[in-house]
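Here are the chains, one letter per residue:
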Amino acid sequence: MILIAKQFASLRHYCYKFIPLIAVFLTACTFNQQLTTEKNGSITNPLWINHQQQLVKLTKFQTRGAFAYIGPDNKTYAKFFWQQYTLSNYRLLLTNPLGTTELELNVTPGVTQLMDREGKKYVNHHPAQMIYQLTGMEIPIENLPYWLIGLPTNATSFTLDENGLLKTIEYRQNGETWHLNYLAYHQDSQPKLPSRIELTQGKQRIKLKMDSWTLNE
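Calculation criteria
- Residues numbered from 1 in each chain as written.
- Predicted model: local features only at pLDDT ≥ 70, side-chain atom pairs only at ≥ 80, totals over all residues.
- Heavy atoms only, no water.
- Helix = DSSP H or I, 4+ residues; strand = E, 2+ residues; numbered from the N terminus.
- Pairing = 2+ DSSP bridges.
- Buried < 20%, exposed > 50% of the residue type's maximum accessible area, 1.4 Å probe, protein only.
- Arc of directions from axis to C-beta.
- Contact = heavy atoms within 4.5 Å.

Chemist: Describe the environment of P72, with residues and values.
Modeler: Among the secondary structure elements, P72 is positioned in the loop between β4 (61–70) and β5 (75–86). Between the alpha carbons of P72 and K203 there is a distance of 6.1 Å; along the sequence they are 131 residues apart.

Written out as structure tokens, the structure reads:
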């Protein structure tokens, strides 16, 4: 059954509570990581130039880990799986601690489809709008294909660390400002890819922990 977008709002309360927040979300990581330093780097740093060139080539990849949303009225935890086919074609899967699918988002050029835990499908042309209408969470998801791997595409401004890795992003749109902090990177990936990212906007905060990456040629 396909439901139109105006029916999303009635499901917000249900989605807020589908998974409890786990307090130890960022207390442990399963991979060795390189923490970003307190020092800033220059965009002319050869390390960044080379790293950026490698990232631009990554258009097909997978990553899985943990997702936490902390808002003024609710806290949500989920396991997530992000599958990138192209920059405009990707899939986001959220599951509860038991492994049951809670939300599945499929984005293709021109159309977005979301399926809930009951198998009901919702269709829209705007991924961020769909997620907000269904869950109340504002997520700049159209930029995540770039930001997840550490590219500052569409950023209003950004900073680097001394290792030539992305450190912060500031993104302004429609009167809202998002701040992203890259807290750690995996040491054992090539190129080095983020393992912890924190996004804040107003009173809401989103934490992403990437436990593993799979890069496809």
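Chemist: Quick rundown of the pairing of β5? Include the residues and the values.
Modeler: Of the strand pairs in this sheet, β4 and β5 are connected by 10 bridges, and their pairing is antiparallel. Residue T63 lies in a different strand from β5, and its bridge partner there is W82. Counting the residues in the hairpin turn of β4 and β5 gives four residues. Bridging between β5 and strand β6 (residues 89–95) involves seven bridges; their strand directions are antiparallel.

Chemist: Please provide a residue-by-residue account of helix α3 (residues 127–135), values included.
Modeler: Taken residue by residue, α3 has P127, M130, I131, L134 and T135 as its buried positions. The buried residues of α3 occupy an angular sector of 100° when projected down its axis, which confines them to one face. One or two steps after α3, the chain reaches G136, where phi turns positive at roughly 80°.

Chemist: So, the pairing of strand β7 (residues 101–108): which residues are in play, and what are the values?
Modeler: Pairing of β6 with β7, which is carried by six bridges, proceeds in the antiparallel orientation. The partner of L92 across the bridge, within β7, is L105. The antiparallel pairing of β7 with strand β8 (residues 111–116) creates a hairpin that spans two residues between the two strands, and G110 there sits at a positive phi of about 90°.

Chemist: So what's going on with helix α2 (residues 46–56)? Which residues, and what values?
Modeler: Within α2, burial applies to W48, H51 and L55. Angular distribution of buried residues about the axis of α2 spans 65°; they occupy a single face of the element. Of the exposed residues in α2, the ones pointing more than 90 degrees away from its buried face are P46 and V56. Residues of α2 that are buried sit in contact with β10 (157–161) and β11 (166–173).

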